[in-house]
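Examination of the molecular architecture
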Amino acid sequence: NARTNGCVRSASEPTSGGEARLRYRLAVLDHDDTAVNSSKTIHHLAHCEFMKEMRPKESVVTLEGWFEKNHAPGISAFFQEELKLTPVEQVREYEIWRSYSSKITPEFYPGFLQALAKYKARGGIIAVVSHSEADSIRRHYLVQKPVMPDGSVLVPDYIYGWTNEKTQTKPHPWPVQHLCEQTGTQPGDVLVLDDLSPGIQMARSAGAVPAAACWGHDIPTIRQYMSEHCDHICHSVSEFEALLLSTVD
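Computed from a prediction, not measured in an experiment: that's the story for all the values here.

Some details on the overall build of the protein
- Each helix and strand in the protein was counted, giving ten helices and eight strands.
- With the C-alpha coordinates aligned to their principal axes, the bounding extent of the protein is approximately 60 × 35 × 30 Å.
- Across the 249 residues that make up the protein, the buried fraction comes to 51%.
- Summing over all exposed atoms, the protein offers an accessible surface of approximately 11500 Å²; the carbon and sulfur share of this is 51%.
- Taking the average place of the 24 positive charges on the side chains of the protein and the average place of its 31 negative ones, the gap between the two points comes to 4 Å.

Things to note about the pairing of strand β7 (residues 209-213)
- Of all five residues making up β7, five are buried, and the element is well covered by its neighbours.
- In the sheet, strand β6 (residues 190-194) pairs with β7 via four bridges, with the strands oriented parallel. Paired with L191 across the bridge in β7 is V209.
- Regarding topology, helix α8 (residues 197-206) serves as the crossover connection from β6 to the parallel β7, and that connection is right-handed.
- Across three bridges, β7 lies against strand β8 (residues 232-234) in parallel orientation. By the bridge assignment, A212 is partnered in β8 with I233.
- Read from β7 through helix α9 (residues 220-229) to β8, the crossover connection turns out right-handed.

Reading guide: rules and limits
Residues numbered from 1 in each chain as written. Predicted model: local features only at pLDDT ≥ 70, side-chain atom pairs only at ≥ 80, totals over all residues. Heavy atoms only, no water. Helix = DSSP H or I, 4+ residues; strand = E, 2+ residues; numbered from the N terminus. Buried < 20%, exposed > 50% of the residue type's maximum accessible area, 1.4 Å probe, protein only. Areas by Shrake-Rupley, 256 points an atom, 1.4 Å probe, with all protein chains shown as cover. Lys, Arg positive; Asp, Glu negative; His and termini not counted. Charge placed at Lys NZ, Arg CZ, Asp CG, Glu CD. Pairing = 2+ DSSP bridges. Right-handed = clockwise from strand over helix to strand, strands pointing away.

The structure is reproduced here in structure tokens:
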């Protein structure tokens with residue numbers, strides 16, 4: 001596997017099955033709270049432990065508040081501008097988060113992997129663009145039960161995880177632009193699925209098609225944003241599957 005700029009690329013290439021052409025040749029997927037239920041089981045819990053250890057006298061953002069902070073202003077701005085974490089605190093925040101993320105495997109939402117398997121079997125290219133780390137994301141896929149028609153485990157073709165190169169992460173368009181270059185895909189043939197604004201902003205800036213994943217949480221401010229900025233709203237995994245497998249004449 002090739003690993004560059006937080007990206008892991010699968011050695012396998014998708015194959016076409018000769019059916020009607022998929023509307024979206026490339027699916028760019030968020031991971032946390034889009035593919036897996038992870039803020040509740042990993043990220044927010046790790047942050048709560050950090051606050052208890054390092055700032056025991058301060059209040060801790062609720063789970064709903066955690067989603068809102070990740071939505072806007074974004075997790076980096078929340079840590080640096082609102083909490084104003086010191087360099088020592090930033091290191092400790094990462095250590096605790098990494099401890100949680102390396103030990104806990106979050107569950108995929110029911111039907112999500114099966115939808116991706118159908119898409120990949122028909123020639124679709126699957127990429128993950130996330131603020132989590134690429135090795136953790138890959139592990140989450142590898143430990144799942146086989147769902148591909150040939151009895152293999154589904155692995156995304158590309159994984160773009162967190163990198164210190166800020167312009168190469170959401171909300172910047174670089175991940176989609178780079179994927180288009182790597183796969184020879186036009187931005188209009190790219191479907192971007194995310195549950196928060198950074199991924200939607202990335203899609204818009206790159207000229208891709210943004211879709212909202214609304215099954216991981218139900219927060220009015222986020223729902224309103226998605227309704228105003230997304231081309232498609234997917235209230236369930238089954239609605240996402242229908243969109244993912246849609247075809248053109």
